[in-house]
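# Structural overview for review
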Amino acid sequence: GAGVSQTPSNKVTEKGKYVELRCDPISGHTALYWYRQSLGQGPEFLIYFQGTGAADDSGLPNDRFFAVRPEGSVSTLKIQRTERGDSAVYLCASSLGQGNTDTQYFGPGTRLTVL
Amino acid sequence: KNEVEQSPQNLTAQEGEFITINCSYSVGISALHWLQQHPGGGIVSLFMLSSGKKKHGRLIATINIQEKHSSLHITASHPRDSAVYICAVGETSGSRLTFGEGTQLTVNP
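Attention in this report is confined to the structure presented alongside it. Note that the coordinates shown come from a computational prediction; the quantities given were computed from them, not determined experimentally. (Residues numbered from 1 in each chain as written. Chains lettered and ligands numbered in written order. Predicted model: local features only at pLDDT ≥ 70, side-chain atom pairs only at ≥ 80, totals over all residues. Heavy atoms only, no water.)

### Topic: the interface of chain B and chain A
With 20 residues of chain B in contact, the opposing surface of chain A contributes 21 residues. Buried area between chain B and chain A, both sides added, is near 1600 Å², and the carbon and sulfur share of it is 52%. Taken together, the links from chain B to chain A amount to zero salt bridges. At the junction of chain B and chain A, the tally comes to two residue pairs in polar contact (both at pLDDT 80 or more). For the side of chain B that touches chain A, the element with the highest residue contribution is strand 4 (residues 29–37) of chain B, accounting for five residues. Residues that form the side of chain B that touches chain A fall into these classes: seven nonpolar, 10 polar and three charged. (Contact = heavy atoms within 4.5 Å. Buried area = accessible area lost by both parts, 1.4 Å probe. Salt bridge = Lys/Arg side-chain N within 4 Å of Asp/Glu carboxyl O. Polar contact = N/O pair within 3.5 Å; in protein donor to acceptor, adjacent residues only side chain to side chain. Helix = DSSP H or I, 4+ residues; strand = E, 2+ residues; numbered from the N terminus. Nonpolar A, V, L, I, M, F, W, Y, C, P; charged D, E, K, R; others polar.)

### Focus: the pattern of salt bridges
Residues and elements named next belong to chain A. One pass over the structure, following the stated rule, counts five salt bridges over all chains. A salt bridge links Glu83 to Arg64, with the nearest nitrogen and oxygen atoms 3.5 Å apart. Pair noted here: Glu83 is in the loop between strand 8 (75–79) and strand 9 (88–95) and Arg64 is in the loop between strand 6 (53–56) and strand 7 (65–68), with a separation of 19 residues, a long-range link. Relative accessible area serves as the criterion here: at 40%, Glu83 is assigned to the partly exposed category. For the salt bridge of Asp86 with Arg64, the shortest nitrogen-to-oxygen distance reads 2.8 Å. Of this pair, Asp86 sits in the loop between strand 8 and strand 9 while Arg64 sits in the loop between strand 6 and strand 7, placing them 22 residues apart in sequence. (Buried < 20%, exposed > 50% of the residue type's maximum accessible area, 1.4 Å probe, protein only.)

### Describing the sheet that holds strand 8 of chain A
Residues and elements named next belong to chain A. Taken in spatial order, the four strands make up an open sheet running 1-3-8-7, and their pairing is antiparallel. In this open sheet, the two edge strands, each paired with only one partner strand, are strand 1 (5–7) and strand 7. When the angles between neighbouring strand axes are averaged without regard to direction, this sheet yields 15°. In terms of strand pairing, strand 1 meets strand 3 (residues 19–24) through three bridges, oriented antiparallel. Bridge pairing in strand 3 places Ser5 opposite Asp24. (Pairing = 2+ DSSP bridges. Axes fitted to C-alpha atoms, helices over the stretch in contact; angles between N-to-C directions.)

### Notes on the side chain of A:Gln6
As for its placement among the helices and strands, A:Gln6 is situated in strand 1. Once residues lying within four places of it in the same chain are set aside, the contact partners of A:Gln6 are A:Arg22, A:Cys23, A:Trp34, A:Tyr90, A:Leu91, A:Cys92, A:Gly107, A:Pro108, A:Gly109 and A:Thr110.

### Re the packing of aromatic side chains
The tally for this structure, following the rule as stated, stands at five aromatic pairs over all chains. Measuring from ring centre to ring centre gives 6.1 Å for A:Tyr33 and A:Tyr35, while their planes differ by 10°; the resulting arrangement is stacked. The pair A:Tyr33 / A:Tyr35 is uniform in exposure class, with both members buried. On the accessibility criterion, A:Tyr35 (0% relative accessible area) is buried. An aromatic cluster is defined as three or more aromatic residues linked by ring pairs; in this entry it consists of A:Tyr33, A:Tyr35, A:Phe45, A:Tyr48, A:Phe106 and B:Phe99. (Phe/Tyr/Trp six-rings, centres within 6.5 Å; stacked < 30°, edge-to-face > 60°.)

### Some words on the sheet that holds strand 7 (residues 59–64) of chain B
Residues and elements named next belong to chain B. Pairing is antiparallel in the open sheet, where five strands are placed in the order 1-3-8-7-6. Lying at the two open borders of the sheet, with one neighbouring strand each, are strand 1 (4–7) and strand 6 (52–56). Neighbour-to-neighbour, the strand axes of the sheet open up by a mean angle of 15°, direction not taken into account. Relative to strand 8 (residues 69–74), strand 3 (residues 19–25) is paired through six bridges, and the arrangement is antiparallel. Paired with Ile21 across the bridge in strand 8 is Leu72.

### What to know about the state of the cysteines
Counted under the stated rule, the structure contains two disulfides over all chains. Disulfide partner of A:Cys23: A:Cys92, at an S-S distance of 1.8 Å. Taking the sign of the S-S torsion, -65° for the link of A:Cys23 and A:Cys92, the bridge is left-handed. One end of the pair, A:Cys23, is in strand 3; the other, A:Cys92, is in strand 9, and 69 residues separate them in sequence. Judged by relative accessible area, which is 0%, A:Cys23 ranks as buried. Judged by its relative accessible area of 0%, A:Cys92 is buried. Here B:Cys23 connects covalently by a disulfide to B:Cys87, the sulfurs 2.0 Å from one another. The S-S bond linking B:Cys23 to B:Cys87 shows a torsion near -60°; that makes this disulfide left-handed. Placement of B:Cys23 in strand 3 and of B:Cys87 in strand 9 (residues 83–91) is noted, with a sequence separation of 64 residues between them. Take B:Cys23 and B:Cys87: they sit in the same class, and that class is buried. (Disulfide = S-S within 2.5 Å.)

Below is the structure:
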């Protein structure tokens, strides 16, 4: 079956603009995670959804970042007033259950560049 | 100090060599994950373990809970094993994964 997909694959924007990044998880996966990966670093946790609700959003760096998952499937990560420091690869992952003891399946990522 | 530390950061080997990548962590965990990341960003889960040892093909992962240490071994390495290998831990206190910075492995023919 289809894996996790993310769109767009690349996004170039100007400082101060608003961007939306989309994640389509594997069908039937109730858990969805967003991570951010800077060059040469490991991924960094942003937010975790269980169904429609954000079970843990403690990784969001500030209030410019927001994510939704209104129907418990597709999720959108929204970044307001983008800054150059937001440039990174944004990764989405999904898993069958909850917590951190399930295998997570990763999408290919969205590379965000803020000029 | 990072909660998850990997060594070495970079590793170059000749085809056929036995490879070991190490991971140490400082928090209580419910599970430890080894992941493989190919150029272009795709991440694949290799192992998830909470005790003992797991084997899949030429890959072996071990964990020592008391010492808070895990190793990933690759036997008979091949150029197609070249990738970044990332250790991540699921903390007992929450739902997040905390990642190491990764080990860049290059296997030369």
